[in-house]
Amino acid sequence: MNCTLTFEYEFSRDDDDFGWLLARLQTPDFSGRNGMWVQWQDLTDFAASLSQYPFNAPAVCEWGFGEEGKFTPVTKLSLSAAGVRGGLIADVFLANYYEPANFVQSRLETDYPSVAEFQRQLARMMRREVSDATLIGSKSNNS
């Protein structure tokens with residue numbers, strides 16, 4: 001079975017800068033989902049960052065909140081190069097916004113064509129042409 005990470009973005013009704021980002025992770029062993037308020041510009045910028053080839057540095061999107069000087073991650077995706085054959089690793093972390101100690105995380109193997117398709121879907125989602133964007137991968141042997 002393939003692994004998938006899907007982002008869905010619901011723009012605010014008053015076209016505010018923030019909308020609700022729903023993230024869903026599905027693997028052969030488990031699934032998880034979360035949601036939180038995210039600025040639409042952050043998703044647009046992240047989509048643009050996925051065009052780099054090769055990934056000399058990880059492409060990362062991370063959202064969370066800060067309390068008492070401490071940052072608590074809620075949703076994080078990091079894409080980085082894996083080996084010399086053009087593979088990529090996607091590290092995914094999804095926490096419950098209200099109870100961040102409850103979380104799922106996984107490492108997926110993916111590739112440049114899958115990331116390019118994810119980037120196209122993200123860009124279309126942010127233009128309100130499609131409802132979601134999905135990154136496809138497989139279970140990493142290192143997870």
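Throughout what follows, the structure given in this document is the object of discussion. (Residues numbered from 1 in each chain as written. Predicted model: local features only at pLDDT ≥ 70, side-chain atom pairs only at ≥ 80, totals over all residues. Heavy atoms only, no water.)

### Focus: helix α2 (residues 112–126)
Then, number 1: Compared with an ideal rise of 1.5 Å per residue, which puts 15 residues at 21 Å, α2 spans 21 Å between its outermost C-alpha atoms and is within 8% of the ideal.
Then, number 2: Looking at α2, one finds that the buried residues are Tyr112, Val115, Phe118, Gln119, Leu122, Met125 and Met126. Each buried residue of α2 lies within a common arc of 140 degrees when the element is viewed along its axis, so the set occupies one face.
Then, number 3: Contact partners of the buried residues in α2: β1 (3–10), α1 (40–49), β5 (70–82), β6 (87–95), β7 (103–111) and β8 (132–139).
Then, number 4: Just downstream of α2, Arg128 is the residue with a positive phi angle, here 65 degrees. (Helix = DSSP H or I, 4+ residues; strand = E, 2+ residues; numbered from the N terminus. Expected span 1.5 Å × (residues − 1). Buried < 20%, exposed > 50% of the residue type's maximum accessible area, 1.4 Å probe, protein only. Arc of directions from axis to C-beta. Contact = heavy atoms within 4.5 Å.)

### Notes on the pattern of salt bridges
Then, number 1: Counting across every chain of the model gives six salt bridges.
Then, number 2: Between Asp29 and Lys139 there is a salt bridge, with its nearest N and O atoms 2.4 Å apart. On the criterion of sequence distance, the pair formed by Asp29 in the loop between β2 (18–26) and β3 (31–39) and Lys139 in strand β8 is long-range, its members being 110 residues apart.
Then, number 3: Judged by relative accessible area, Asp29 falls into the exposed class, the value being 52%. (Salt bridge = Lys/Arg side-chain N within 4 Å of Asp/Glu carboxyl O.)

### Here we look at the packing of aromatic side chains
Then, number 1: Per the counting criterion, the structure on display carries nine aromatic pairs.
Then, number 2: Taken together, a centroid distance of 5.9 Å and an interplanar angle of 55 degrees make the contact between Phe7 and Phe118 tilted. Taken together, the positions of Phe7 in strand β1 and Phe118 in helix α2 put the pair 111 residues apart, joining distant regions of the chain.
Then, number 3: Phe118 sits in the buried class, given a relative accessible area of 0%.
Then, number 4: Clustering of aromatic rings is evident, with ring pairs tying together Phe7, Trp63 and Phe118.
Then, number 5: In this arrangement the basic side chain of Arg128 is found over the ring face of Phe11, its NZ or CZ atom lying 3.8 Å from the centre. (Phe/Tyr/Trp six-rings, centres within 6.5 Å; stacked < 30°, edge-to-face > 60°. Lys NZ or Arg CZ within 6 Å of the ring centre and 35° of its normal.)

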